[in-house]
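An overview of the molecular structure
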Amino acid sequence: MLDYAVALEFDKESRDKIQEMIDEIAAATGRDYMKKAGIPPHVTVSMVISDDEESVLSDMEDISKTLKSGNVVFTNIGVFNPQVIYLGPVVNEYLQETCKLVNGRLLKHAEAGNNGYYLPNQWVPHSALAVELDAETLKEAFAIVQAKFIPFEATAERIILARAFPYEEIGSWKLN
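Report on the accompanying structure.

Reading the values: the criteria
All residue numbers refer to position in the chain's written sequence, counted from 1. Restriction of local features to residues with pLDDT of at least 70 applies here, the model being predicted, together with a cutoff of 80 or more for giving and counting side-chain atom pairs; totals for whole chains, interfaces and linings are based on all residues. Neither water nor hydrogens contribute to the side-chain values; these are computed over all heavy atoms in the structure. Helical segments are the DSSP runs of H or I of at least four residues, strand segments are the runs of E of at least two, and each set is numbered from the N terminus. Atoms counted for the radius of gyration: C-alpha only. Globule rule: 2.2 Å times the number of residues to the power 0.38. Working definition: with a 1.4 Å probe on protein chains only, accessible area under 20% of the residue-type maximum means buried, over 50% means exposed, and in between means partly exposed. It only takes one pair of heavy atoms within 4.5 Å for two residues to be counted as in contact. In short, Shrake-Rupley with a 1.4 Å probe defines the accessible areas, and a residue's cover is counted only from the protein chains shown. Asp and Glu are treated as the negative residues and Lys and Arg as the positive ones, with His and the ends of the chain left uncounted. Taken as the charge location is NZ of Lys, CZ of Arg, CG of Asp or CD of Glu. In the analysis that follows, any N or O atom pair within 3.5 Å is treated as a polar contact, provided that within protein one partner can donate a hydrogen and the other can accept it, and provided that, for residues neighboring in sequence, both atoms belong to side chains. Interaxial angle, 0 to 180 degrees, is taken between N-to-C directions of lines fitted to C-alpha atoms, where a helix line uses only the stretch in contact. Here a crossing is taken to be left-handed if its near helix is turned anticlockwise relative to the far helix by less than a right angle, and right-handed if that turn runs clockwise. Polarity classes work like this: nonpolar for Ala, Val, Leu, Ile, Met, Phe, Trp, Tyr, Cys and Pro, charged for Asp, Glu, Lys and Arg, and polar for all others, with Gly in that last group. Planes of paired rings set the category: under 30 degrees apart is stacked, over 60 is edge-to-face and the rest tilted, where pairs are Phe, Tyr or Trp rings (Trp by its six-membered ring) whose centres lie within 6.5 Å. Lining residues are those with an atom within 4 Å of a point, where the points come from a 1 Å grid over the protein atoms alone and group into cavities, where a 1.4 Å probe fits but cannot get out, or pockets, open sets with protein on both sides within 12 Å along at least five of seven lines. Grid points are joined across faces, edges and corners, and a volume is the space filled by probe spheres set on the points. The nonpolar core is taken to be a set of buried Ala, Val, Leu, Ile, Met, Phe, Trp, Tyr and Cys residues, with the residues joined through side-chain atoms within 4.5 Å.

What follows concerns the overall build of the protein. Helix and strand counts for the protein stand at 5 helices and 8 strands. Its C-alpha radius of gyration of 16 Å places the protein within 12% of the 16 Å reference for a compact globule of 176 residues. For the protein, with 176 residues in total, the buried portion stands at 47%. Long-range pairs, those at least 24 residues apart, make up 78% of the contacts in the protein between residues at least 6 apart in sequence. Of the roughly 8600 Å² that the protein leaves accessible, carbon and sulfur atoms contribute 49%. One finds the centroid of the 16 positive side-chain charges in the protein at a distance of 4 Å from the centroid of its 27 negative side-chain charges.

Structure representation (structure tokens):
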């Protein structure tokens with residue numbers, strides 16, 4: 001059984017803005033997992049476990065044909081204490097419906113992954129800036145983000161399917 005992540009990827013300007021924070025945190029703290037793993041700025045909408053990659057890919061192909069691009073408004077800095085710092089978006093209809101659609105479809109051939117934390121009504125949408133932090137590096141990371149972050153609107157332009165551990169993108173589709 002493999003872990004899969006489904007994520008929304010943003011317009012270039014928004015990706016660059018988020019990536020700049022990821023890079024600065026990595027340089028200041030040495031916590032560079034996101035950068036080393038090549039994980040692009042994103043919001044994960046589903047995590048599943050499956051031994052049928054072909055069905056997961058086929059479902060994603062179908063989902064990508066109907067899913068539209070949408071706005072994601074980042075308004076806050078969040079923490080999963082003390083290990084993760086992230087940008088938090090407003091939980092709008094676009095994010096909720098995308099989470100429901102993707103999970104509803106994939107869970108026909110897969111199991112909920114990551115303890116069900118990415119299921120509708122159990123999900124905290126976020127764009128991780130750094131992971132594997134401790135109390136001290138979290139403080140450093142927060143100072144960097146606090147100095148740089150101004151709320152902004154991003155456009156979800158692509159949906160990505162990746163093997164999660166280690167991260168390996170296996171499909172990417174442009175949204176209508």
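Here Thr29 lies in helix 1 (residues 12–29). For Thr29, the side chain forms a polar contact with the main-chain oxygen of Ile25, separated by 2.7 Å. From its side chain, Thr29 meets the backbone nitrogen of Arg31 in a polar contact 3.1 Å long. Residue contacts for Thr29: discarding those within four places in its chain leaves Thr137, Glu140 and Ala141.

Moving on: the packing of helix 3 (residues 53–66) against helix 4 (residues 93–106). When two helices pack together, their arrangement is given by the angle between their axes and by how far apart the axes lie. Their axes nearest at 10 Å, the elements helix 3 and helix 4 cross at an angle of 150 degrees. Of the two elements, helix 3 crosses helix 4, and the hand of that crossing is right-handed. Note on element contacts: helix 4 touches helix 3 through Leu101, Val102, Arg105 and Leu106, opposite Val56, Asp59, Met60, Asp62, Ile63 and Thr66. Tallied by class, residues from the contact of helix 3 with helix 4 come to 6 nonpolar, 1 polar and 3 charged.

Another point: the packing of aromatic side chains. One pass over the structure, following the stated rule, counts 4 aromatic pairs. Aromatic side chains Phe80 and Tyr86 sit 4.7 Å apart centroid to centroid with 35 degrees between the ring planes, which places their arrangement in the tilted category. Its relative accessible area of 32% is what places Phe80 among the partly exposed residues. By relative accessible area, Tyr86 is classed as buried at 8%.

Now for the layout of surface pockets. By volume, the largest pocket amounts to about 810 Å³. Along the walls of the largest pocket sit 28 residues, with Asn114, Tyr118, His126, Val131 and Phe165 positioned nearest its centre. Taken together, the elements giving at least two residues each to the lining of the largest pocket come down to strand 1 (2–10), helix 2 (33–37), strand 2 (42–50) and strand 7 (152–163). In terms of residue class, the lining of the largest pocket is made up of 20 nonpolar, 6 polar and 2 charged.

Of all hydrophobic cores here, the largest spans 54 residues; its most connected members are Phe74, Ile85, Leu87, Leu129 and Ile159. By residue number, the principal contributor to this core is strand 7, which donates 7 residues. Sequence-distant contacts of Leu129, defined by excluding residues within four places in its chain, comprise Ile18, Met21, Ile22, Ile25, Met34, Ile85, Tyr86, Leu87 and Val145.

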